Amino acid sequence: MSNNDPRVLSMFNDEPTACVVGLGYIGLPTAALMASRGWRVFGVDTNPRIVEKVALGKVHIVEPNLDDLVQKVVSLGRLRATDEPVFADVFVITVPTPLAASKQPDCAFVVSAIRSIAPKLRAGNLVILESTCPVGTTAEMSELIASMRPDLCLPSRSAAAANIHVAYCPERVLPGRILIELQENDRSIGGISERCTERAVEFYETFVKGECIGTTAAVAELVKLSENSFRDLNIAFANELSLVCDRIGIDVWQVIELANHHPRVKILQPGPGVGGHCIAVDPWFLVHSAPDLTPLIRTAREVNDGKADYIYQKAHHLLDENSNERVACLGITFKPNIDDLRESPSLEIAERLASKFKSRVSIVEPNVAQLPSCLTDAGAQKATLEEALTSCGILLLLVDHDEFRKVAREELVGKVTIDTRGIWKSPTLSASMGRRSNVRHFRMASTVGSAAG
Ligand code: SAJ
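Quick summary incoming for the structure in this document.

Criteria and thresholds
Residues numbered from 1 in each chain as written. Predicted model: local features only at pLDDT ≥ 70, side-chain atom pairs only at ≥ 80, totals over all residues. Heavy atoms only, no water. Core = buried A, V, L, I, M, F, W, Y, C linked by side-chain atoms within 4.5 Å. Buried < 20%, exposed > 50% of the residue type's maximum accessible area, 1.4 Å probe, protein only. Helix = DSSP H or I, 4+ residues; strand = E, 2+ residues; numbered from the N terminus. Contact = heavy atoms within 4.5 Å. Near = heavy atom within 4 Å. Polar contact = N/O pair within 3.5 Å; in protein donor to acceptor, adjacent residues only side chain to side chain. Areas by Shrake-Rupley, 256 points an atom, 1.4 Å probe, with all protein chains shown as cover. Nonpolar A, V, L, I, M, F, W, Y, C, P; charged D, E, K, R; others polar. Domains from an automatic or database assignment. Pairing = 2+ DSSP bridges. Right-handed = clockwise from strand over helix to strand, strands pointing away. Salt bridge = Lys/Arg side-chain N within 4 Å of Asp/Glu carboxyl O. Axes fitted to C-alpha atoms, helices over the stretch in contact; angles between N-to-C directions. Parallel < 35°, antiparallel > 145°, perpendicular 65-115°, else oblique. Left-handed = near helix turned anticlockwise from the far one by under 90°.

What follows is about the nonpolar core. Formed by 41 residues in total, the largest nonpolar core has its most connected members in Leu 28, Met 34, Val 41, Leu 66, Leu 79, Phe 203 and Tyr 204. Secondary structure elements with two or more residues in this core: β1 (17-21), α2 (27-36), α3 (48-55), α4 (66-75), β4 (90-93), β5 (126-129), α7 (178-184) and α8 (194-204). The element contributing the most residues to this core is α2, with 6 residues. Met 34 has contacts with Ala 18, Val 20, Trp 39, Val 41, Phe 203 and Phe 207, leaving out every residue within four places of it along the chain.

A separate point is the site of the ligand. Close to the ligand lie 19 residues, the nearest being Glu 171, Lys 224, Arg 231, Gln 269 and Cys 278. Contacts to the ligand include Glu 171, whose side-chain N or O atom sits 2.4 Å from an oxygen atom. In isolation the ligand exposes 770 Å². Once the protein is present, 88% of that is buried. Of the residues assigned to the shell around the ligand, the class counts are 9 nonpolar, 3 polar and 7 charged. Built from parts of two domains, the shell around the ligand gets at least three residues from each of domain 1 (6-210) and domain 2 (247-442).

Remember that side chains alternate between the two faces of the sheet whenever the strand is regular. What you see with strand β6 (residues 165-168) is no split at all: His 165 and Ala 167 on one side and Val 166 and Tyr 168 on the other are buried throughout. Bridge count for β5 against β6 is 4 bridges, and the pairing is parallel. Bridging across to β6, Ile 128 finds its partner in Ala 167. Handedness of the crossover is the feature at issue here: the chain leaves β5, passes through helix α6 (residues 137-148), returns alongside β6, and the resulting connection is right-handed. Pairing between β6 and strand β7 (residues 187-191): 2 bridges, direction antiparallel. Residue Ala 167 lies in a different strand from β7, and its bridge partner there is Gly 191.

All right, on to the pattern of salt bridges then. Summed over all chains, the structure comprises 17 salt bridges. As a salt-bridge pair, Glu 15 and Arg 40 come within 2.8 Å of each other at their nearest N and O atoms. One end of the pair, Glu 15, is in the loop between α1 (6-10) and β1; the other, Arg 40, is in strand β2 (residues 40-44), with 25 residues separating them in the sequence. For the salt bridge of Lys 224 with Glu 171, the shortest nitrogen-to-oxygen distance reads 3.5 Å. A residue pair is termed long-range when its members are at least 10 positions apart, and Lys 224 in helix α9 (residues 217-248) and Glu 171 in the loop between β6 and α7 qualify at 53 residues. Like Glu 171, Lys 224 is buried. Each of Glu 15, Arg 40 and Arg 78 takes part in a single network of salt bridges with overlapping partners.

On to the sheet that holds β5. Pairing within the open sheet is mixed, and its 8 strands lie in the order β3-β2-β1-β4-β5-β6-β7-β8. Edge positions in the sheet fall to β3 (79-82) and β8 (212-216), since each of these pairs with one other strand and no more. With direction set aside, neighbouring strand axes in the sheet form an average angle of 25°.

A few words now on the packing of α9 against helix α11 (residues 282-289). Angle between the axes and distance between the axes are the two parameters that describe a pair of packed helices. Orientation of α9 relative to α11, taken along the N-to-C sense of each, is 115°, at an axis distance of 8 Å. One element, α9, and the other, α11, form an angle in the roughly perpendicular class. Crossing geometry of α9 relative to α11 is assigned as left-handed. Of the residues in α11, those touching α9 at Leu 222, Lys 224, Leu 225, Asn 228, Ser 229 and Asp 232 are Asp 282, Pro 283, Phe 285 and Leu 286. For the contact of α9 with α11, a count of residues per class yields 5 nonpolar, 2 polar and 3 charged.

Set out below in structure tokens:
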């Protein structure tokens, strides 16, 4: 059945309503998209500033085209922001599941979201959990609702008699492409019972163009953890390779580029570590579920975290060696061209340098209006790219923002650089054969992401 097909929506009722709990990076785009596809949506958040903003048709996150869509659906009255759940046909939970200091998953927000919707549930409702969770959480949430609402029948008690449907469907969208991927990506949709899966698949087919694939809740939970752990492992391989190349003085990007000419090899890119709220976090959920069986997944996390420390030590050494020079940290977000600082290894490196070297540290971050206080309190200064290129002898490239890619190589002459993303690297041998004398214009401090030339 095609997307936005009236027959699909009519499976719910004439004007189906949904309550999306958690208006963050996933919840707000999901709520806005659903509102544009025939749903009357209530977006719920416990943060009054977010509710206030969305109620005015504004957004609190940077994501292409989201501002226009939210403005449109709010002005049409299809999306309303509120601070507590209302009665609806479908409830979608999109709250964060952070990692506790002990590296254990913290599902407190999910539990409190479920507690907040439980009083509003009515027979026939569908409850969907999208937050990344340890395996078994969806079933536990079904049981939590059962304990709070003995008047309802939950599928974890009786699949046949259930009058509330509960399912898990992880989000898998990439920041920067969220509105596109929300519609186009395939979805793994796992109910507590077969009937729950069917209902949830019907729901997603109202706004997803990708394939909606039914499974069980536990499988869908593990699929999500596996996807992000797989990517973390692959990035860890690239990061480990970059350390080996640094020690023996070989350009890691040239190695990767050439290895990737093999038809069955696709090595990812090294960097200053892995950030974001997903890949840097989710593998620990798997490790937590079976610590004795997951040495590879744990080690990948440690390798990626260790890369940030390695870069910090390199920069520290350079600042010690060049005691009259200042360092510019270029980029502090967790990946390029976004404003998201969550779990950012670049921010961690900049913060450690700032606490040690104070005003010798400048920060260039075009996507963030105000530097976090951990940097300013330590004495680091915000600078424009031009200012940094003029006043800093050491350049620490941490994020491959478009602005940094455009820096002319002549601007780097005489600077000491650590290019953790390989954007200022020399051309590969084959590409540079005819112009090898042009390759080495500036002093590279490290082959961790730089060409020795
Ligand atoms: N990174 C590298 N080298 C690479 C690729 C990425 O160092 O070759 C780093 C990035 O710089 C960044 C981190 O990894 O610090 C994560 O970036 P990402 O682009 O790989 O992923 P996220 O965190 O933006 O989104 C991931 C995606 N998951 C997968 O690709 C398996 C996305 O599809 C998920 O929806 C998202 O996690 C999530 O919400 O779970």
